[in-house]
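Architecture and fold: a report
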Amino acid sequence: MDIKELYKLYQQHPCITTDSRNCPQGSIFLALKGATFNGNQFAEAALQKGCAYAIVDEAVASDSDRIIRVDDCLQTFKDLAREHRRQFDMPMVGITGTNGKTTTKELIRAVLSECYSVMATEGNFNNDVGVPKTLFRLDDMADIAVVEMGASHPGDIKTLVETAEPTCGLITNVGRAHLLGFGSFEGVCKTKGELYDFLLGHDCPLFVNRDNEHLMQMLRQRITDRNTQPDIYYYGQSDSEDILIRGEVVSCAPFLKFRWREQDHDTGYQSEWMEVQTHLIGAYNLDNMLAAITVGYVNNIPFEQINHALSNYVPTNNRSQLTETEHNHLIVDAYNANPTSMKAAIDNFRLMEVKPKMAIIGQMGELGDVSQEEHRKVVRMLEEARFDKVWLVGAEFQKAVSEMSSAGEYPCFRVFASTEEVKAAIAEQQPQQYYILIKGSNSVKLYELPALL
């Protein structure tokens, strides 16, 4: 059965489930496989629970004519999602990058929602299963879509853009993350750049941070290779002559306040500066704000409504949040961490005009051979920042500190093997009236700490 025939079947039964525990009546069960599960083993059970059909890619113990065999269920899932996406002639913003993807996606969603019905990625459903699930949420009620795409291995973004087929897009930045999967920083750039490859290959517009030299280098090389003149909308903080949306930090005390304006150097036009008070922590979020403004501007969102959306956006899911507890002020960024985002978080916390400061920093994952080098860099940054207290969490930090003679000269440093040990220290010391930065990879589970502080 080819993909168009399968899609006709989907149109008759417009609900796909990949979880045999959740089988809505009349749905289609698609048997995905993972490291610890094999959906093929549950195909017959899914039919018994109410599924109309089951799609498998292995032989199963059933003679039901409602079981459909394909070569690869995951590829079929992506192909079906692409076929569904092609039923809707709507703009789609594709977003990838090392850091800031989800925040930028949420900001763009907020801005576009001022004037349009927007379908956007929920949470971080940004991988080869999450993106198809997102695409299947498209319907006639949506005017525009915003789809986030993540990657941890070469070729991941190529696969996702060929599934989602965005009509415009942006890369937030590129950094040293998932190096165990990519092999090198150059591998990160090549993979993230696959979004540029797709958009340039289909004459689609790009939104580009003009101040990010890595992105500019990636873009220049591709434009030269293709000998093309794409539509590019630049944003940034510098006064480069081709920047469309320019912004500046006004203050971070502790929430980001910034101002922005539209400028056209061809005509000499510049709008008045507009100031926006946000609910986001971190000067590094200015780039995310400017990206959302630029996408909104190009999609004809009035300035006042852009500002309304950004000033009212409140972050969730442990991303750049300030939480006021009975005893402390918590800056929670415990969803993920890599060298680039870690430096941004520490630099911003250092510049914040608040006291006293405490940092609880969890180790970073998936850095491969450079893990110790990158963790030592973090320790040095924290030494230079001179926060009042620094608690480091994880075996990578334990090893880094033990090999650095300078760390022992900084008495405010404490190193813990696990978050459980940190919990015990919190119970013992009961820190109060601190501004506390909580930053680390999700696997360290620092997100369990705010309830104790």
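Okay, so let's go over this structure.

**Digging into unusual backbone geometry**
Note: most residues except glycine have negative phi, and most peptide bonds are trans. Cis geometry marks the peptide bond from Ala-253 to Pro-254; its omega dihedral reads -10 degrees. Considering the arrangement of structural elements, one finds Pro-254 in the loop between β11 (243-252) and β12 (255-264). The amide bond that connects Lys-355 to the next residue, Pro-356, takes the cis arrangement and shows omega of -15 degrees. Mapped onto the elements, Pro-356 comes out in the loop between α13 (339-351) and β17 (357-362). The phi dihedral of Arg-386 falls on the positive side, at around 55 degrees, and the residue is not glycine. Exposure remark for Arg-386: the relative accessible area of 56% places this residue in the exposed category. The backbone of Lys-445 sits at a positive phi, close to 65 degrees, despite the residue not being glycine. Note on placement: Lys-445 falls in the segment after β20 (435-439).

**Re the packing of α13 against helix α14 (residues 371-385)**
Across the interface, α13 lies against α14 with an axial gap of 10 Å and an inter-helix angle of 5 degrees. Taken as axis vectors, α13 and α14 run roughly parallel relative to one another. Residues Pro-339, Met-342, Lys-343, Ile-346 and Arg-350 of α13 lie in contact with α14, whose contacting residues are Glu-374, Val-378, Met-381, Leu-382 and Ala-385. Partitioning the contact of α13 with α14 into residue classes produces seven nonpolar, no polar and three charged.

**Some remarks on the nonpolar core**
One finds Tyr-196 and Leu-219 to be the most contacted residues of the largest nonpolar core, which totals 63 residues. Setting aside residues up to four positions removed in sequence, Tyr-196 forms contacts with Ile-171, Gly-201, Leu-206, Val-208, Leu-215, Met-218, Leu-219 and Arg-222. By size, the runner-up hydrophobic cluster in this structure holds 35 residues, among which are Ile-245, Trp-260, Ile-293 and Ile-301.

**A word on the sheet that holds strand β1 (residues 16-17)**
Read from one edge of the open sheet, four strands run β1-β2-β3-β4, paired in parallel fashion. Edge positions in the sheet fall to β1 and β4 (67-69), since each has one partner strand and no second. As paired elements, strand β3 (residues 53-56) and β4 share three bridges and run parallel to each other. Residue Val-56 lies in a different strand from β4, and its bridge partner there is Arg-69.

**Quick word on the sheet that holds β20**
Spatially, the six strands line up as an open sheet ordered β15-β16-β20-β17-β18-β19, and their pairing is mixed. For this open sheet the edge positions go to β15 (321-324) and β19 (413-416), each flanked by a neighbour on one side alone. If you compare each strand with its neighbour and ignore which way they point, the axes differ by 15 degrees on average. As paired elements, β17 and strand β18 (residues 389-393) share five bridges and run parallel to each other. Bridge assignment links Ala-359 to a residue of β18, and that residue is Val-390. Against the sheet, α13 touches β16 (329-333), β17 and β20, its axis set at about 175 degrees to β20.

**Some points on the pattern of salt bridges**
According to the stated counting rule, one finds 27 salt bridges in the structure shown. Its salt-bridge partner being Lys-377, residue Glu-373 comes within 3.4 Å of it at the nearest N-O pair. Taken together, the positions of Glu-373 and Lys-377, both in helix α14 and four residues apart, correspond to about one turn of that helix. For Glu-373, a relative accessible area of 34% puts it in the partly exposed group. The network of salt bridges with shared partners includes Lys-105, Glu-106, Arg-109, Glu-122, Arg-137 and Glu-148.

**Brief notes about the packing of helix α6 (residues 156-164) against helix α9 (residues 194-201)**
Running from N to C, α6 and α9 cross one another at 35 degrees; their axes reach a closest spacing of 8 Å. Once α6 is placed against α9, the crossing between them reads as right-handed. Contacts between α6 and α9 involve Asp-156, Ile-157, Lys-158, Val-161 and Glu-162 from the first element and Glu-194, Leu-195 and Phe-198 from the second. Taken together, the residues of the contact of α6 with α9 break down into four nonpolar, no polar and four charged.

**Side note on the packing of aromatic side chains**
Applying the stated criterion across every chain, the model contains eight aromatic pairs. Taken together, a centroid distance of 5.5 Å and an interplanar angle of 35 degrees make the contact between Tyr-7 and Tyr-10 tilted. Here Tyr-7 pairs with Tyr-10, and both are found in helix α1 (residues 3-12), just three residues apart, close to one helical turn. Pair check on accessibility: Tyr-7 and Tyr-10 agree, each one buried. Ring plane angle 75 degrees and centroid distance 5.1 Å describe the contact between Trp-260 and Phe-303, whose orientation is recorded as edge-to-face. A residue pair is termed long-range when its members are at least 10 positions apart, and Trp-260 in strand β12 and Phe-303 in helix α12 (residues 303-312) qualify at 43 residues. By relative accessible area, Phe-303 is classed as partly exposed at 24%.

**So, α6**
For α6, the set of buried residues is Ile-157, Leu-160, Val-161, Thr-163 and Ala-164. Taken end-on, α6 shows its buried residues confined to a sector of 160 degrees, consistent with a single buried face. Where the residues of α6 are buried, they touch α3 (73-85), β5 (92-96), α5 (130-135), α8 (185-192) and α9. Downstream of α6 by a residue or two, Glu-165 has a phi angle that is positive, lying close to 50 degrees.

The rules we used
Residues numbered from 1 in each chain as written. Predicted model: local features only at pLDDT ≥ 70, side-chain atom pairs only at ≥ 80, totals over all residues. Heavy atoms only, no water. Helix = DSSP H or I, 4+ residues; strand = E, 2+ residues; numbered from the N terminus. Buried < 20%, exposed > 50% of the residue type's maximum accessible area, 1.4 Å probe, protein only. Axes fitted to C-alpha atoms, helices over the stretch in contact; angles between N-to-C directions. Parallel < 35°, antiparallel > 145°, perpendicular 65-115°, else oblique. Contact = heavy atoms within 4.5 Å. Nonpolar A, V, L, I, M, F, W, Y, C, P; charged D, E, K, R; others polar. Core = buried A, V, L, I, M, F, W, Y, C linked by side-chain atoms within 4.5 Å. Pairing = 2+ DSSP bridges. Salt bridge = Lys/Arg side-chain N within 4 Å of Asp/Glu carboxyl O. Left-handed = near helix turned anticlockwise from the far one by under 90°. Phe/Tyr/Trp six-rings, centres within 6.5 Å; stacked < 30°, edge-to-face > 60°. Arc of directions from axis to C-beta.

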